[in-house]
Amino acid sequence: MTTTTTGTTPVRTVELAVSGMTCAACSARVERTLNKLDGVRASVNYATERATVQAPGDMADDVLLGRIRKAGYEARLRGEDDAELGTARVADLRRRLIVAAVLAIPLGNLSITLALVPSLRFPGWQLLCLALAFPVVFWSALPFHRAALRNLRHRSSSMDTLVSIGVLASFAWSGWATLFGGHEPGYWIGFGPTAAGADAIYLDVAAGVTTFLLAGRYFESRSRRSAAGLLAALDALAAKDVRVLRDGVERMVPIGELAVGDLFVVKPGESIAADGVVDSGLSTVDVSAVTGEPVPAEVGPGDRVIGAGINRDGRLVVRATAVGAHTQLAQMTALAERAQARKANVQRLVDRICAVFVPVVLGLAVLTLAGWLLTGQPVRDAFTAAVSVLIIACPCALGLATPTALMAGVGRGAQLGILIKGPDALEASRSVDTVVLDKTGTVTTGRMTVTGHYPADGFTSAELLRFAGAVEAGSEHAIAAAVVTAAKAELPELPDVTEFAALPGLGAQGTVEGHDVKVGSPRLFPDVPGDVGEQLAAAEGDGATAVLVAVDGRIAGLLVIRDVVKPSARAAVAALHDLGLRTVLLTGDNETAARVVAAEVGIDDVRAGVLPAEKAEAVEALRAGGARVAMVGDGINDGPALATADLGMAMARGSDIALRSADVVLVRDDLRVVPDAIRLANRTLRVIRGNLLWAFGYNVAAIPLAALGLLNPLIAGAAMSLSSVLVVSNSLRLRSFEGSRVDGP
């Protein structure tokens, strides 16, 4: 539960587990019930059996739970036992399905065979059929009857109302025909004249429809749990205990006792308990389960590690920087769960349709019965058509079309390091035609790196790096860090610096092993030798930063430093172009540096010299020109632009995972997740549209056929169940979506 403040009124978010919902109409009813409370805004998801409620801070949980129970459903605060309860419901459906199937098969053989072949009949055969059908109709189908009775008490209806009426009517008609009538010859559509007693076939319809519907609901429930399990797996990655290092002693404590700043030990094969920075030790860490990056990362002192990563080799001592709900894993899970709870616009439309669909179908069934009787048709044929309408019209597939696809798509995205915050992000991606990429931290690494060192005046490369690294070790500037990193990579150790002094805007100076050393920009050195000057001009012309080093007044050489392009950037831009998307590079850097980076990755449209506050205006200008814009930024100073774009995508680094401005958070430090995210969103939308097309088309086409008497109730039940399974199975195909492959070393 979370609490926020709107104006002067505190608002809290409560997550409830709702049981007893059997269709989209049920979720719509629960949602309406909650939203009638003052100050309450609720979203109820049938597929996840979850209600996300924003309620006034002073409203007790019991008020919310009471309203749901008054509507005829069970509710409780979400807890750790939700998965067990879900498993129990699936097991109950399986038991009822087994009983129904075991009895329906011999019942079907007996009733159909004996109804059509009078010579095989024996005394009491109809009573035997009734006995076989009774447990199926009144025990296996009990969930349908219970839900229908609950709806009746509250003067409402759902698809279970249709099923219950259809099954009970079939059984009642067959029972009446067996005990009091059915002694006259009949006629079956598709078969012809039948012998007396053939009306017992409706026992087979009652049992068969129940079996088909239970099978559909059972596999549907299993599939929904499987789709939701993709996200639940994130929770399973989290460590439950941690080996804390205090006063030099290791102690195993529950993860809840770990605090920011604590040192904890991670042994080979163990999961990293929280986000942190390596204090000591060397190892490789597998973060594939969290970020989707398949290549284990080499880590050492000073390197950042992510909670739930697996330590492969050596012993690591890590200082915690984020614990509990603030870790990247916890926020990934929270984002994914919130995405499940939110609804797409198309799903809201489906909910409204389902809320009125059942009463309309009941009316159609009554009209069908009356129409057949008023035209002088036999009561048996009128009854058959009315029952077929009730059974075929159950909007199961309609209710599952959107949420199951969203669950599967969001879950697969989380596995690939793509966190989709909600269905609105998927819908926004549908018409995106322009992708705007921030340069620093998105297309480039965001870290300055020495890409070249050119000694002069008799100095060697080692001496150049030695003097420069020693002085810059006393500075905290990003360029200084790049110089120190390059020096340490080439030399075993750096000498100490004395009399260090920072020169703001210019560089730094100090004494190294008795030599006066200056390191800084060309402005610090009025006289630059010709050969060094040529190299300096070439570096600046290439958009790089040039750093000069002087020892005892002599120019010792030049260091070329740049923010290097990510290895994946060019392939990502090419993939975006393959999708038919226009790319734009947006940066606050100078034109020269921006053009160099753009040329390296294959972007033609460059907007340089744009300040952070102006980035949103640049995005808005593109939109005003008719473009549908996706903005990709590093999530720090790109917030306004991310919020302005039709689709905001943040490259997550550390706490940026919680950036609220973005619609999609890209966890993997690989720019190829950008086209992956767009492809996944487009494919998810295609699945949703396919599901809805099938579900709407199925009901529109099937109801008239049933009303005209062209569908046997048994066939109608089978078709309705198969349509739900088809929709869920189609959604689960998203689990096979493949992201860009990352090449190993």
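This is a predicted model, so every value here is computed, not measured. (Residues numbered from 1 in each chain as written. Predicted model: local features only at pLDDT ≥ 70, side-chain atom pairs only at ≥ 80, totals over all residues. Heavy atoms only, no water.)

### So, helix H17 (residues 530-541)
Okay, so step 1: For H17, spanning 12 residues, the distance from its first C-alpha to its last is 16 Å, which sits close to the expected 16 Å at 1.5 Å a residue.
Okay, so step 2: Where H17 is concerned, the buried positions are Val532, Leu536 and Ala539. Down the axis of H17, the smallest arc covering the buried residues is 65°, so these residues share one side. In H17, the exposed positions that point more than 90 degrees away from the buried face belong to Gly530, Glu534 and Ala538.
Okay, so step 3: Packing partners of the buried residues in H17 comprise strand S23 (545-551) and strand S24 (554-565). (Helix = DSSP H or I, 4+ residues; strand = E, 2+ residues; numbered from the N terminus. Expected span 1.5 Å × (residues − 1). Buried < 20%, exposed > 50% of the residue type's maximum accessible area, 1.4 Å probe, protein only. Arc of directions from axis to C-beta. Contact = heavy atoms within 4.5 Å.)

### Brief notes about the sheet that holds strand S12 (residues 283-286)
The strands that make up a sheet pair up through hydrogen bonds in the backbone, lying either parallel or antiparallel.
Okay, so step 1: Spatial strand order, S13-S12-S15: three strands in an open sheet with antiparallel pairing. In the strand order of this sheet, the two ends are held by strand S13 (297-299) and strand S15 (310-311), each with one partner. (Pairing = 2+ DSSP bridges.)

### Focus on the packing of aromatic side chains
We describe a pair of aromatic rings using the distance from one ring centre to the other and the angle between the two ring planes.
Okay, so step 1: Counted according to the given criterion, the structure contains three aromatic pairs.
Okay, so step 2: With a centroid separation of 4.6 Å and 35° between ring planes, the pair formed by phenylalanine 134 and phenylalanine 138 is classed as tilted. Note that phenylalanine 134 and phenylalanine 138 are positioned in helix H4 (residues 125-140) at a spacing of four residues, about one turn of the helix.
Okay, so step 3: Phenylalanine 134 gets classed as partly exposed once you look at its relative accessible area, which sits at 46%.
Okay, so step 4: Judged by centre distance (6.3 Å) and plane angle (65°), the ring pair of phenylalanine 134 and phenylalanine 171 falls under edge-to-face. Taken together, the positions of phenylalanine 134 in helix H4 and phenylalanine 171 in helix H6 (residues 159-180) put the pair 37 residues apart, joining distant regions of the chain.
Okay, so step 5: When the ring centre of tryptophan 139 is taken as reference, the NZ or CZ atom of arginine 96 above it lies at 4.6 Å. (Phe/Tyr/Trp six-rings, centres within 6.5 Å; stacked < 30°, edge-to-face > 60°. Lys NZ or Arg CZ within 6 Å of the ring centre and 35° of its normal.)

### What about the nonpolar core?
Okay, so step 1: Grouped together as the largest cluster of nonpolar side chains are 51 residues, with contacts concentrated most on Val435, Val443, Met649 and Leu666.
Okay, so step 2: Here this core takes 10 residues from helix H22 (residues 673-707), the largest share from any one element.
Okay, so step 3: Of all hydrophobic cores here, the second largest spans 26 residues; its members include Leu103, Trp125, Val163 and Ala215. (Core = buried A, V, L, I, M, F, W, Y, C linked by side-chain atoms within 4.5 Å.)

### Description of unusual backbone geometry
Okay, so step 1: In the Ramachandran plot, alanine 308 falls in the positive-phi region, its phi being about 85° despite a non-glycine side chain.
Okay, so step 2: The residue alanine 308 is located in the loop between strand S14 (304-305) and S15 in this model.
Okay, so step 3: The backbone of aspartate 552 sits at a positive phi, close to 55°, despite the residue not being glycine.
Okay, so step 4: Examined against the element boundaries, aspartate 552 turns out to sit in the loop between S23 and S24.
Okay, so step 5: On the basis of relative accessibility, which here comes to 43%, the residue aspartate 552 falls in the partly exposed class.

### Things to note about a nonpolar patch on the surface
Okay, so step 1: On the surface, a nonpolar cluster with roughly 350 Å² of combined accessible area is contributed by Val356, Val360, Leu364 and Leu367.
Okay, so step 2: Inspection of the secondary structure assignment puts valine 356 in helix H10 (residues 345-374).
Okay, so step 3: Valine 356 sits in the partly exposed class, given a relative accessible area of 48%. (Patch = residues over 30% accessible without salt bridge, like charges linked within 9 Å, V, L, I, M, F, W, Y side chains within 5 Å. Areas by Shrake-Rupley, 256 points an atom, 1.4 Å probe, with all protein chains shown as cover. Salt bridge = Lys/Arg side-chain N within 4 Å of Asp/Glu carboxyl O.)

### Here's the deal with the environment of alanine 42
Okay, so step 1: Along the chain, the position of alanine 42 falls in strand S3 (residues 41-45).
Okay, so step 2: For alanine 42, a relative accessible area of 9% puts it in the buried group.
Okay, so step 3: Once the C-alpha coordinates of alanine 42 and valine 53 are considered, the two residues, 11 residues apart in sequence, prove to be 4.3 Å apart.
Okay, so step 4: Those residues in contact with alanine 42 that sit more than four places away from it in its chain are Glu31, Leu34, Asn35, Thr52 and Val53.

### Brief notes about the pairing of strand S21 (residues 507-512)
Okay, so step 1: Judged from the five bridges that link them, strand S20 (residues 497-503) and S21 form a sheet pairing that is antiparallel. Each bridged residue has a counterpart across the sheet, and for alanine 502 the counterpart in S21 is alanine 508.
Okay, so step 2: Here S21 runs beside strand S22 (residues 515-520); their pairing, made up of six bridges, is antiparallel. Bridging across to S22, glycine 507 finds its partner in glycine 520.

### Some remarks on the pattern of salt bridges
Any two side chains of opposite charge can pair if their charged atoms end up close together.
Okay, so step 1: On inspection of all chains with the given rule, the structure shows 18 salt bridges.
Okay, so step 2: Taking the shortest distance from any N to any O, the salt bridge between arginine 243 and glutamate 250 comes out at 3.6 Å.
Okay, so step 3: By relative accessible area, which is 31% here, glutamate 250 ends up partly exposed.
Okay, so step 4: Here arginine 319 and aspartate 279 are joined by a salt bridge, their closest N and O atoms 3.8 Å apart. You can see arginine 319 sitting in strand S16 (residues 316-322) and its partner aspartate 279 sitting in strand S11 (residues 275-280), a full 40 residues away along the chain.
Okay, so step 5: We classify arginine 319 as partly exposed; its relative accessible area is 36%.
Okay, so step 6: Note on aspartate 279: relative accessible area 39%, which makes it partly exposed.
Okay, so step 7: The structure contains a network of salt bridges with shared partners spanning Arg243, Glu250, Glu270 and Arg315.

### Structural notes on the sheet that holds strand S19 (residues 444-455)
Okay, so step 1: Strand order in this open sheet of six strands is S19-S24-S23-S22-S21-S20, and the pairing throughout is antiparallel. A strand with exactly one partner marks an edge of an open sheet, and here the two such strands are S19 and S20. Direction aside, neighbouring strands of the sheet carry axes that sit 20° apart on average.
Okay, so step 2: Bridging between S22 and S23 involves four bridges; their strand directions are antiparallel. Residue pairing in the sheet places valine 517 in a bridge with valine 551 of S23. (Axes fitted to C-alpha atoms, helices over the stretch in contact; angles between N-to-C directions.)

### Quick notes on the packing of H4 against helix H5 (residues 142-153)
Okay, so step 1: At a closest axis distance of 5 Å, the pairing of H4 and H5 adopts a crossing angle of 45°. Taken together, H4 and H5 sit at an angle that is classed as oblique. Across the interface between the two elements, Val137, Phe138, Trp139 and Ser140 of H4 pack against Leu142, Pro143 and His145 of H5.
Okay, so step 2: Residue composition of the contact of H4 with H5, grouped by class: five nonpolar, two polar and no charged. (Parallel < 35°, antiparallel > 145°, perpendicular 65-115°, else oblique. Nonpolar A, V, L, I, M, F, W, Y, C, P; charged D, E, K, R; others polar.)

### Re the packing of helix H18 (residues 569-578) against H22
Okay, so step 1: Two elements in contact, H18 and H22, have axes separated by 8 Å at closest approach and are oriented at 30°. Here H18 lies roughly parallel to H22, going by the angle between them. Residues Ala572, Ala575 and Leu576 of H18 lie in contact with H22, whose contacting residues are Val674, Pro675 and Ile678.
Okay, so step 2: Looking at the contact of H18 with H22, its residues break down into six nonpolar, no polar and no charged.

### Topic: the confidence of the model for the chain
When pLDDT is low, close inspection of the predicted coordinates is not appropriate.
Okay, so step 1: Predicted confidence across the chain gives a mean pLDDT of 78, with 78% of residues reaching 70 or more.
Okay, so step 2: Put simply, strand S6 (residues 186-188) is where the chain has its lowest mean pLDDT, 48, and strand S10 (residues 263-266) is where it has its highest, 93.
Okay, so step 3: Every residue in residues 187-192 scores below 50 in pLDDT, and together they form 13 contacts with partners more than four places removed in sequence or on other chains.
Okay, so step 4: For the stretch residues 339-343, pLDDT sits under 50, and the model shows 24 contacts to residues farther than four places along the chain or on other chains. (pLDDT = per-residue confidence, 0-100.)

### What to know about the side chain of aspartate 670
Okay, so step 1: Mapped onto the elements, aspartate 670 comes out in the loop between strand S29 (664-666) and H22.
Okay, so step 2: Accessibility expressed as a relative area gives 3% for aspartate 670, which makes it buried.
Okay, so step 3: Of the polar contacts made by the side chain of aspartate 670, one reaches the backbone nitrogen of arginine 672; its length is 2.9 Å. (Polar contact = N/O pair within 3.5 Å; in protein donor to acceptor, adjacent residues only side chain to side chain.)

### Structural notes on the environment of valine 601
Okay, so step 1: Within the element layout of this structure, valine 601 appears in helix H19 (residues 591-601).
Okay, so step 2: Placed 34 residues apart in sequence, valine 601 and proline 567 show a C-alpha to C-alpha distance of 9.5 Å.
Okay, so step 3: The residues touching valine 601, leaving out its near neighbours within four places in the chain, are Val443, Val565, Ala569, Arg570 and Val573.

### Regarding H5
Okay, so step 1: Compared with an ideal rise of 1.5 Å per residue, which puts 12 residues at 16 Å, H5 spans 16 Å between its outermost C-alpha atoms and is within 8% of the ideal.
Okay, so step 2: Among all positions in H5, only Pro143, Phe144, His145, Ala147, Ala148, Arg150 and Asn151 are buried.
Okay, so step 3: At the exit of H5 stands arginine 155, carrying a positive phi of roughly 55°.

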